[in-house]
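Analysis of the macromolecular model
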Amino acid sequence: MTLVDPLEVEDQYGNPSPAADYGPGAPRRDVRGYMQPHTSTEPAETGRQPKITRWRLFTYLPVGAREQVEWRGRTFRVDGDPEMWEPAFGRTRFWVRLTEVEG
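This text gives an overview of the structure that appears in the document. (Residues numbered from 1 in each chain as written. Predicted model: local features only at pLDDT ≥ 70, side-chain atom pairs only at ≥ 80, totals over all residues. Heavy atoms only, no water.)

**What to know about the pairing of strand 8 (residues 74–78)**
In plain terms, the rule: In this description, strands pair whenever DSSP reports at least two bridges between them. Helix and strand definitions follow DSSP, with helices as H or I runs of at least four residues and strands as E runs of at least two, each counted in order from the N terminus.
Two strands pair when backbone bridges link them, and strand 7 (residues 68–71) and strand 8 are joined in this way by four bridges, in the antiparallel orientation. Bridge pairing links Glu70 to Thr75 in strand 8. Hairpin remark: strand 7 followed by strand 8, antiparallel, with two residues in the connecting loop; positive phi at Arg72, about 50°. Across two bridges, strand 8 lies against strand 10 (residues 93–102) in antiparallel orientation. Bridging across to strand 10, Val78 finds its partner in Leu98.

**Digging into the nonpolar core**
The following threshold applies: Residues belong to one nonpolar core when they are buried, are Ala, Val, Leu, Ile, Met, Phe, Trp, Tyr or Cys, and are joined through side-chain atoms within 4.5 Å. Any residue under 20% of the maximum accessible area for its type is buried, any over 50% is exposed, and the rest in between are partly exposed; the area is computed with a 1.4 Å probe on protein chains only. Contacts between residues were defined by any pair of non-hydrogen atoms, one from each residue, lying within 4.5 Å.
Membership of the largest hydrophobic core comes to 13 residues, with the highest contact counts inside it found for Met1, Met35, Leu57, Val69, Trp71, Phe76 and Leu98. Taken together, the elements giving at least two residues each to this core come down to strand 6 (51–59), strand 7, strand 8 and strand 10. With near-sequence residues (within four places) excluded, Met35 lies in contact with Met1, Trp55, Arg56, Leu57, Trp71, Phe76 and Leu98.

**Here we look at the pairing of strand 10**
In this structure, strand 6 lies alongside strand 10, joined through nine bridges in antiparallel fashion. Residue pairing in the sheet places Arg56 in a bridge with Arg97 of strand 10. Bridging between strand 9 (residues 83–85) and strand 10 involves three bridges; their strand directions are antiparallel. Paired with Met84 across the strands is Phe94, a residue of strand 10.

**Re the packing of aromatic side chains**
As a reminder of what qualifies: Note on aromatic contacts: the rings of Phe and Tyr and the six-membered ring of Trp form a pair at centre separations within 6.5 Å, being stacked when their planes are under 30 degrees apart, edge-to-face when over 60 apart, and tilted otherwise. Consider the ring centre and the ring normal. A charge sits over the ring if Lys NZ or Arg CZ is within 6 Å of that centre and within 35 degrees of that normal.
Counting across every chain of the model gives four aromatic pairs. Note on Trp71 and Phe76: the rings are 6.5 Å apart at their centroids and 45° apart in plane angle, and the pair reads as tilted. With respect to class, Trp71 is no different from Phe76; both count as buried. An aromatic cluster is present here, built from Trp55, Trp71 and Phe76 joined pairwise through their rings. One cation-aromatic arrangement involves Arg91 over Tyr60; the distance from NZ or CZ to the ring centre is 3.9 Å.

See the structure below:
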């Protein structure tokens, strides 16, 4: 899987708070991890048929709250702050909630 760290770019109005650009120029890094499906919902909205899927990512490398995850042709946004688990023995692990919206 690939983590995409967004570039901060000026938005179309020149506002001081930068927009996040996840395009081809954004830094990417390949990581190993375990993807686990969590839930899926299809909320009713007028004129729209969205499908919201939630996943979990478990990895040994830290993941930023603004990063995206690209995996098997799909793109996921990090939902909330990543969690860190430091066991008494063994390596530190990271647990990340992910969201994918289609439609």
